[in-house]
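The chain contents come next:
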Amino acid sequence: MTMSTDPWVWLAALLSLFIFSYLYKDNPLFKFAEHLFTGLSVGYLIVIYYNNIVRSYLLNPVLADHRWVLLVPFAIGLLYLFRFIPKLSHLMLIPIAITLGIWNGIALPLTIEADIIRQMQGTMINTSMFRNPWDPYTGLAVGILIAVGVICTITYFFFSREHKGALKVSAHIGIWFVMIGFGASFGYTVMARVSLLIGRLQFMFTEWIHLIK
Amino acid sequence: MRTIALAGLVLLWTAWAAAIPGPAAAPPPQPATVAPPSDLAAGDTPNDAGQSISLTWRPSPDEALGVEGYEILRAESAEGPYAKVGYVPSGFGSFDDQAVPRDGRDFFYRVRAVGAGIAPSEVAAAGPARSSQQWYNAARTNALVGTLLFTLIVIYFIQGARRGRHLFIRRIAGLAAVEEAVGRATEMGKPILFCPGMDPVTSISTLAALNILGQVAKKAAEYDTPLVVPNRDPIVYTVAEAIVKEAYAEIGRPDAYNHDSVFYLTDSQMGYTSGVNGIMARERPATNFFMGYFYAESLVLAETGAATGAIQIAGTDSITQLPFFITACDYTLMGEELYAASAYLGKQPMLIGTLKAQDWSKALVGLLLVAGAALALSGPGLRQFVLRLLSID
Amino acid sequence: MKQKLPLLIVLVLGIFFTIQFFVPSRASEVTYQTTLQWWLVMSSFAMVLALGSLINHHALKIKRRKEGWWNSWVTLAGIAVMGGLGILGGPSFRMGWANDAYTRLFLFVQAPMDSAMFAILAFYMASASYRAFRARSREATVLLVSGFVVMLGIIPFGAMLWHRIPDIAEWVMMVPNMASKRGILFGIGLGATATALKIILGIERSWLGGGGK
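Since the model is a prediction, treat every value here as computed from it, not as a measurement. (Residues numbered from 1 in each chain as written. Chains lettered and ligands numbered in written order. Predicted model: local features only at pLDDT ≥ 70, side-chain atom pairs only at ≥ 80, totals over all residues. Heavy atoms only, no water.)

### Topic: the overall build of chain A
A count of helices and strands for chain A gives six helices and two strands. Ordered by position from the N terminus, the helices and strands of chain A form the series β-α-α-α-α-α-α-β. In terms of overall dimensions, chain A has a C-alpha envelope of 65 × 65 × 40 Å along the principal axes. Residues classed as buried in chain A amount to 54% of the 213 residues present. (Helix = DSSP H or I, 4+ residues; strand = E, 2+ residues; numbered from the N terminus. Buried < 20%, exposed > 50% of the residue type's maximum accessible area, 1.4 Å probe, protein only.)

Following this line, the structure appears as structure tokens:
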């Protein structure tokens, strides 16, 4: 068994171990790695902000192409900094209001389309299901099962009525569907997470300690 | 002597070349001629910003004879000159020319079948066609109707609430537990941790989480319990800070607000997770709130929190992460419950009115599903109608 | 006035961008793109506030000599070093050595910690599975069984047990799982739309501070 002589590989491996050490319990090594991680990732974000946004959308267009109009969003952005002046700190609400206006406006019809209409489309029973009514994926029986599952799940989320009588039965069937669905997600994720661990162990045992060839 | 050797070499080479099968030895192929594509139609691409013309054609019947694809040519007059503007592989019969130089001008198109082993086919021609922009996206009519309908329902119920009509809201366990959870942190003299999700402010679940933060902060201010709010997004941080500060002011204790309780951690998903893990291990919050949108880190956050013995309330509309919150948290707000929370906790009639509107809309969705199925099954004409009603381009 | 202007901005922009979704014309598209660029420029100031908050958070820890305060220096140094190197090595200054150091820090320090944190997920997956296993309620049992079936369906071992298991797992994913997810999505869609609408119409105002009073 040999070990890597590259100091950078050592650094990478040791820091990975520091992070893993949290699994045992919180300790100074993890604390160090965690703080380093925070610092570097924020530094990295600053670089992304500077190179990809400030430089591309502000500095270059204004300084090189003289698109002075971009000073308008710059000036509005400056309002964020009024937070530090108590009497004028409410001016910070203007860029926040712009943000909320834009994104809520964009989201409103988009959500109706993606989460409501598209889902209705997928749930609708149709004549093509008659062709092979007992097909386990596209048959009529499954179509009806899905529709029942969807409608019962919806009834679970009724807020303005007590879950009593028919609503209670339907909400109960709904929660069973929900739990089967969550179980499926759960089981599906197990393997994905294990493969992430295998990936990291591979690095440790191939590049750092040359245990696996 | 040298000539003989040379002749021998040539002979040998010919023999060798003839012996191996392949293109070098094969006779020059007769380029096959194939029938051209037909029924070319060109017209403005619907529902777009202009400068695009859509073409459709019936593929060449001889596609099997070596047609590899279709060349699309464009010209400003029927006679040409034509320039190639696109290529699609065989088997396809449509193309959108999205580089039309100008709207409102006539263009002519030709499409021909091409392939390495065949001569380019005769062309199918079409034109003139003009591109134009549209001011209304007809393909989104169903979304428009949905948006208007829902807005009207919401406004109707808000008006009802304004007039003082009593609206019942059933108990939502996760939300009923908020008071208790805050109280427990107070008793233990430990802080409350609130993570407003991993998404930026552009995601509505983050806004829902921030609305809940406002209510939690008010309770924390009332009980004088420290609040820890680490943030991942810069804008979310600014809004969260404003909300918490205001909550303290509203309770009448602006001085009790600690400027360091809402802070920015990092944008990195796992960096944030390790930071929050650190907080849970060291400050030992008695109550953890995970509200908003979460990704893979949900598992680490909720499991770590459960291991520290904190009472945990999660709320997310991230369907893939809900199972992990459900197994590790004491209470979990699933999907829509996250959005119902601010109305439930705030108890303002107008907000509760929108919950009622949501319920009626859900009932409408269920009804449409049943009615739509009935229509679709009752005849081909009605089936077409239902399909059109729900089609999305 | 302090609150009226932000509310008006949200209302106007919200309605504008809702309508924009239905208008495909060039002017509409250009407005959309320009707005997003402007929004990015404006929002970069929030980063300044966020950075200020993080630095303040750690400066306080250092000042108060909180336990492990020296780790705060690690974070602050990480921000300065990573940010400095990235900007000096970036397209604005093009210093090769800085870019080299920045890349190495990213590849051998930041990225390994990121992957290690991800790899930890596998261990938490195990503890979550154990927790699910201990749960006593009927719903939790449904979740557990469905999760177990789906997990067996993915791993080769499942097929070894019984050749139909992968099919059953696939069916659970495609039918009951799908039904429950659609049902939940309807609720999410309506909840999200209602929230967006409440913010646009100024009914939900907690973002202004003051909880709408």
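### A closer look at the domain arrangement of chain A
All names here are of chain A. One can read the domain layout of chain A as domain 1 (1–66) and domain 2 (129–213). Put simply, the middle of domain 1 and the middle of domain 2, counted by C-alpha atoms, are 35 Å apart. The interface of domain 1 with domain 2 comprises eleven residues on the first partner and eight residues on the second. Buried surface at the junction of domain 1 and domain 2, both sides included, amounts to about 950 Å², of which 77% is carbon and sulfur. Counting residues per element, the ones that place at least two in the side of domain 1 that touches domain 2 are strand 1 (2–3) and helix 1 (7–20). No other element matches helix 1, which puts seven residues into the side of domain 1 that touches domain 2. (Domains from an automatic or database assignment. Contact = heavy atoms within 4.5 Å. Buried area = accessible area lost by both parts, 1.4 Å probe.)

### What to know about the interface of chain C and chain A
Chain C puts 109 residues into the contact, and the matching count from chain A is 108 residues. Summing the contributions of chain C and of chain A, the shared interface buries around 10200 Å²; its carbon and sulfur component is 81%. Remark: the boundary between chain C and chain A carries zero salt bridges. The interface formed by chain C and chain A contains 13 residue pairs in polar contact (both at pLDDT 80 or more). Every element with two or more residues in the side of chain C that touches chain A is listed here: helix 1 (4–20), helix 2 (26–63), helix 3 (70–89), helix 4 (96–134), helix 5 (138–154), helix 7 (165–174) and helix 8 (176–200) of chain C. For the side of chain C that touches chain A, the class distribution of residues is 72 nonpolar, 26 polar and eleven charged. (Salt bridge = Lys/Arg side-chain N within 4 Å of Asp/Glu carboxyl O. Polar contact = N/O pair within 3.5 Å; in protein donor to acceptor, adjacent residues only side chain to side chain. Nonpolar A, V, L, I, M, F, W, Y, C, P; charged D, E, K, R; others polar.)

### Focus on the interface of chain A and chain B
Listed per partner, the contact involves 55 residues of chain A and 66 residues of chain B. Buried area between chain A and chain B, summed over both chains or domains, comes out near 5400 Å², and the portion from carbon and sulfur atoms is 71%. Summed over the shared surface of chain A and chain B, the result is four salt bridges. For the pair chain A and chain B, the interface holds twelve residue pairs in polar contact (both at pLDDT 80 or more). Of all elements in the fold, only helix 2 (28–64), helix 4 (93–123), helix 5 (140–156) and helix 6 (165–208) of chain A reach the threshold of two or more residues within the side of chain A that touches chain B. Of the residues contributing to the side of chain A that touches chain B, the split by class is 33 nonpolar, 13 polar and nine charged.

### Brief notes about the nonpolar core
Generally speaking, a soluble globular protein has its nonpolar side chains buried in company with each other. With 176 residues, the main nonpolar core has Phe182 of chain A, Phe289 and Met291 of chain B together with Trp207 of chain C as its most contacted residues. Those residues in contact with Met291 of chain B, other than ones at most four positions away along the chain, are Phe194, Cys195, Pro196, Gly197, Ala209, Ile212, Ile313, Ala314, Gly315, Leu333 and Leu338 of chain B. Membership of the second largest hydrophobic core comes to 19 residues, among which are Val34, Val67, Phe95 and Ala129 of chain B. (Core = buried A, V, L, I, M, F, W, Y, C linked by side-chain atoms within 4.5 Å.)

### Concerning the side chain of His58 of chain C
Assignment of secondary structure puts His58 of chain C in helix 2. Not counting residues within four places of it along the chain, the set of residues in contact with His58 of chain C comprises His35 of chain A together with Ser72, Thr75 and Leu76 of chain C.

### Looking at the pattern of salt bridges
Residues and elements named next belong to chain B. According to the stated counting rule, one finds 19 salt bridges over all chains in the structure shown. Across the pair Arg130 and Asp106 runs a salt bridge whose closest N-O atoms are separated by 2.7 Å. Residue Arg130 is located in the loop between strand 7 (123–129) and helix 2 (141–162), and its partner Asp106 is located in the loop between strand 5 (94–97) and strand 6 (107–114); the two are separated by 24 residues in the primary sequence. With its nearest N and O atoms 2.9 Å apart, the salt bridge here joins Lys362 to Asp359.

### Some points on the environment of Ser127 of chain C
All names here are of chain C. Along the polypeptide, Ser127 turns up in helix 4. Its relative accessible area of 27% is what places Ser127 among the partly exposed residues. Expressed as a C-alpha distance, the spacing of Ser127 and Gly158, which sit 31 residues apart in the sequence, is 22 Å.

### Regarding helix 6 (residues 269–283) of chain B
All names here are of chain B. If you check helix 6, its first and last C-alpha atoms are 21 Å apart, about what 15 residues at 1.5 Å a residue would give, namely 21 Å. Counted residue by residue, helix 6 has 13 buried out of 15 residues, so it is predominantly covered. A positive backbone phi angle near 50° is found at Arg284, which sits one or two residues after helix 6. (Expected span 1.5 Å × (residues − 1).)

### A word on the packing of aromatic side chains
Enumeration over the complete set of coordinates arrives at 22 aromatic pairs over all chains. Their ring planes at 40° and their centres at 5.1 Å tell us that Phe186 of chain A and Phe324 of chain B sit as a pair that is tilted. With Phe186 of chain A in helix 6 and Phe324 of chain B in helix 8 (residues 322–328), this pair bridges two chains. Residue classification places Phe186 of chain A among the buried positions, given a relative accessible area of 7%. Residue class for Phe324 of chain B comes out buried when judged on its relative accessible area of 2%. Consider the rings of Phe16 of chain C and Phe17 of chain C, whose centres lie 5.1 Å apart with planes at 75°: the pair is edge-to-face. Members of the aromatic cluster, connected to one another through ring pairs, are Tyr44 of chain A together with Tyr102 and Phe106 of chain C. Over the face of the ring belonging to Phe107 of chain B we find Arg74 of chain B, whose NZ or CZ atom lies 5.7 Å from the ring centre. The aromatic ring of Phe21 of chain C is capped on one face by Arg140 of chain B, whose charged end is 3.8 Å from the ring centroid. (Phe/Tyr/Trp six-rings, centres within 6.5 Å; stacked < 30°, edge-to-face > 60°. Lys NZ or Arg CZ within 6 Å of the ring centre and 35° of its normal.)

### Focus on the packing of helix 3 (residues 173–188) of chain B against helix 4 (residues 204–223) of chain B
All names here are of chain B. At their nearest, the axes of helix 3 and helix 4 sit 10 Å apart, and the two run at 35° to each other. Read as a crossing pair, helix 3 and helix 4 show a hand that is right-handed. Contacts between helix 3 and helix 4 involve Val178, Glu179, Val182 and Thr186 from the former and Val216, Lys219, Ala220 and Tyr223 from the latter. (Axes fitted to C-alpha atoms, helices over the stretch in contact; angles between N-to-C directions. Left-handed = near helix turned anticlockwise from the far one by under 90°.)

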